[in-house]
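For reference, the chains in residue letters:
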Amino acid sequence: MTVSDRPVALVTGAGQGIGRGIAMRLAADGYAVVINDVVADPHNTEQGAYEVKATIAAMDGCAEVFKADIAEAADREAMVDFIARIFGRLDLLVNNAGVAPRQRTDILQAGQESFDRLMAINLKGPYFLTQLAANRMIAYKQAGVVPSPRICFITSISAYTSSPARGEYCVSKAGLAMAATLFADRLGEYGIPVLQIAPGIIATPMTAVVTAKYDKLIAEGLLPTKRWGQSEDVAKVVSAFAAGLLDYSTGTVIEVGGGFGIKRL
Ligand SMILES: NC(=O)c1ccc[n+]([C@@H]2O[C@H](COP(=O)([O-])OP(=O)(O)OC[C@H]3O[C@@H](n4cnc5c(N)ncnc54)[C@H](O)[C@@H]3O)[C@@H](O)[C@H]2O)c1
């Protein structure tokens, strides 16, 4: 089996939005990037996972697409096996894929279907993908193949901010925040740092449907930094983590929210 000369990063949900920004940044940093997404059409290089792959290739980077649903155990296993087969190493896992409720519904009325969907994608998927990846990383590190494996979780300010019209999203992200804490604790003895990144209001296809709402809130002073966040703002923190600049900060949260978390009078 050949082992990639470049460090290898798996970014889930990298076909658009924040994941795309992270994939592009890591490719520029010299990573071979595995672009995972549940939607991936090889005939469409205009948008989605294959656009990201083509853009990275055009900048002399290295990327592969792996279509998989992170909520499905068989998909997760196939993806980690693919990485082992094609690259022979995994240096960085970025748990980015996540979904918002299809429609916002008051917590006093919301049903179980959306709750179950969000728990499966936003929490169960990254939880068990991290379990799989971490075991591989421990083996790669002990074999001397990967010197410094790392894992990061893209949670949300919704992990600690109440939005009663999308309670299932907040609960899924609060659970994911604890998953990050648990893996940071467990993987400390193996020298695998785990970071949690909590984005605020970031301009992506996910938030495109609520542009007017957030434009208004930002104009009214919700954030000390009076602008939307961009995918690149999140990608810069992943890049610093990937470079080893935050290793002793394992288990902590970095909010990328333009000062959202500052208590103000
Ligand atoms: N945009 C924001 O303001 C914001 C704020 C805080 C946190 N986040 C989180 O950041 C992450 C990325 O958000 P985004 O705004 O880029 O979203 P997005 O909807 O624009 O992109 C998410 C990507 O994940 C993919 N995906 C969805 N379900 C998947 C699955 N089961 N398996 C694999 N891929 C799947 C989608 O196809 C899509 O390409 C999410 O976890 C989201 O909760 C976003």
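Anyway, here's the lowdown on the structure attached to this text. Quantities reported herein were computed from a predicted structural model and do not represent experimental measurements. (Residues numbered from 1 in each chain as written. Predicted model: local features only at pLDDT ≥ 70, side-chain atom pairs only at ≥ 80, totals over all residues. Heavy atoms only, no water.)

### Structural notes on the overall build of the protein
Regarding its fold elements, the protein presents eight helices and seven strands. A globule of 265 residues ought to have a C-alpha radius of gyration of about 18 Å, and the protein, at 18 Å, matches this closely. Projected onto the principal axes, the alpha-carbon positions of the protein cover approximately 55 × 45 × 35 Å. Sorting the 265 residues of the protein into buried and exposed places 48% on the buried side. Put simply, of all contacts in the protein between residues at least 6 apart along the chain, 74% involve residues at least 24 apart. Accessible surface, the protein as shown: approximately 12600 Å² in total, 55% of it carbon and sulfur. Positive and negative side-chain charges of the protein, numbering 25 and 26 respectively, have mean locations separated by a distance of 5 Å. (Helix = DSSP H or I, 4+ residues; strand = E, 2+ residues; numbered from the N terminus. Rg over C-alpha atoms; globule rule 2.2 N^0.38 Å. Buried < 20%, exposed > 50% of the residue type's maximum accessible area, 1.4 Å probe, protein only. Contact = heavy atoms within 4.5 Å. Areas by Shrake-Rupley, 256 points an atom, 1.4 Å probe, with all protein chains shown as cover. Lys, Arg positive; Asp, Glu negative; His and termini not counted. Charge placed at Lys NZ, Arg CZ, Asp CG, Glu CD.)

### Here we look at the site of the ligand
In the neighbourhood of the ligand, 29 residues make up the surrounding shell, with Ile 18, Asp 37, Asn 96, Tyr 169 and Thr 204 lying closest. In the environment of the ligand, an oxygen atom lies 2.9 Å from a nitrogen or oxygen atom belonging to the side chain of Gln 16. Considering the ligand on its own, with 830 Å² of exposed area, one finds that the protein chains cover 92% of that surface. Listing elements by their share of the shell around the ligand, those giving two or more residues are α1 (17–28), β2 (32–37), α5 (167–187) and α6 (205–208). At three residues, α6 tops the list of elements feeding residues into the shell around the ligand. (Near = heavy atom within 4 Å. Polar contact = N/O pair within 3.5 Å; in protein donor to acceptor, adjacent residues only side chain to side chain.)

### Observations concerning the pattern of salt bridges
With the rule as written, the count across this model stands at nine salt bridges. Its salt-bridge partner being Arg 89, residue Asp 91 comes within 2.9 Å of it at the nearest N-O pair. We classify Arg 89 as buried; its relative accessible area is 10%. Where Lys 216 meets Glu 220, a salt bridge forms, and the shortest distance between an N and an O atom there is 3.0 Å. Among the residues examined, Lys 216 registers a relative accessible area of 53% and is labelled exposed. Accessibility expressed as a relative area gives 55% for Glu 220, which makes it exposed. (Salt bridge = Lys/Arg side-chain N within 4 Å of Asp/Glu carboxyl O.)

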